[in-house]
Amino acid sequence: MDHAEASGHVWRDLVERNGSVEQDRAVLGGLIGYDADPFEVELFEHASDPQVRLIDRAQRSYAGQYRRRLRRLRSRGA
């Protein structure tokens, strides 16, 4: 496994391990409902940005597709 492939595995693991932007947005929405801290509002607005949400969904989808591809390749070789 070369460096690029190894770093790709690390990136996909991080994407899958971290929560999604949608989860962050829900939590921040609850915090803002409790006390509207300006920093929390700014984070919520960032998480609500359609471009950020689109990128997060695309990254999570790509990581999932790659994992499914690896499972299919393993099942064919087994």
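Residues numbered from 1 in each chain as written. Predicted model: local features only at pLDDT ≥ 70, side-chain atom pairs only at ≥ 80, totals over all residues. Heavy atoms only, no water.

(A) Region of the structure containing the overall build of the protein. Along its length, the protein carries four helices and zero strands. Mapped from its N terminus to its C terminus, the protein presents α and β elements in the order α-α-α-α. Scaling as 2.2 N^0.38, a compact globule of 78 residues should have a C-alpha radius of gyration of about 12 Å, whereas the protein reaches 17 Å, well beyond that. For the protein, with 78 residues in total, the buried portion stands at 21%. Sequence-distant contacts in the protein: of pairs separated by 6 or more residues, those separated by 24 or more amount to 64%. Carbon and sulfur atoms make up 56% of the accessible area of the protein, which totals about 5900 Å². (Helix = DSSP H or I, 4+ residues; strand = E, 2+ residues; numbered from the N terminus. Rg over C-alpha atoms; globule rule 2.2 N^0.38 Å. Buried < 20%, exposed > 50% of the residue type's maximum accessible area, 1.4 Å probe, protein only. Contact = heavy atoms within 4.5 Å. Areas by Shrake-Rupley, 256 points an atom, 1.4 Å probe, with all protein chains shown as cover.)

(B) How the structure looks around the packing of helix H2 (residues 21–34) against helix H3 (residues 38–48). Between H2 and H3, the least distance of the axes is 9 Å, while the angle of their chain directions is 150 degrees. Helix-helix and strand crossings are classified by hand; for H2 and H3 the assignment is left-handed. For the pair H2 and H3, the contacting residues are Val 21, Arg 25, Leu 28, Gly 29, Leu 31 and Ile 32 in the first and Glu 40, Val 41, Leu 43, Phe 44, Ala 47 and Ser 48 in the second. In terms of residue class, the contact of H2 with H3 is made up of eight nonpolar, two polar and two charged. (Axes fitted to C-alpha atoms, helices over the stretch in contact; angles between N-to-C directions. Left-handed = near helix turned anticlockwise from the far one by under 90°. Nonpolar A, V, L, I, M, F, W, Y, C, P; charged D, E, K, R; others polar.)

(C) Highlighting the packing of aromatic side chains. Tallied over the full model, the rule gives one aromatic pair. Measuring from centroid to centroid gives 6.1 Å for Trp 11 and Tyr 62, while their planes differ by 50 degrees, and the two rings are tilted. With Trp 11 in helix H1 (residues 3–17) and Tyr 62 in helix H4 (residues 50–77), the pair connects residues that are 51 residues apart, well separated along the chain. For Trp 11, a relative accessible area of 31% puts it in the partly exposed group. (Phe/Tyr/Trp six-rings, centres within 6.5 Å; stacked < 30°, edge-to-face > 60°.)

(D) Region of interest: the environment of Ala 63. In this structure, Ala 63 sits in helix H4. The exposure class assigned to Ala 63 is buried, which follows from its relative accessible area of 0%. C-alpha separation for the pair Ala 63 and His 9, spaced 54 residues apart in sequence, amounts to 9.1 Å. The contacts of Ala 63, once residues within four sequence positions are left out, are Arg 12, Val 15 and Glu 16.

(E) Structural view of the pattern of salt bridges. Here the structure, examined in full by the defined rule, presents four salt bridges. Among the salt bridges present, the one from Arg 67 reaches Glu 16, with a minimum N-O distance of 3.3 Å. Of the two residues, Arg 67 is situated in helix H4 and Glu 16 in helix H1; the sequence distance between them amounts to 51 residues. The partly exposed category is assigned to Glu 16, whose relative accessible area is 37%. (Salt bridge = Lys/Arg side-chain N within 4 Å of Asp/Glu carboxyl O.)

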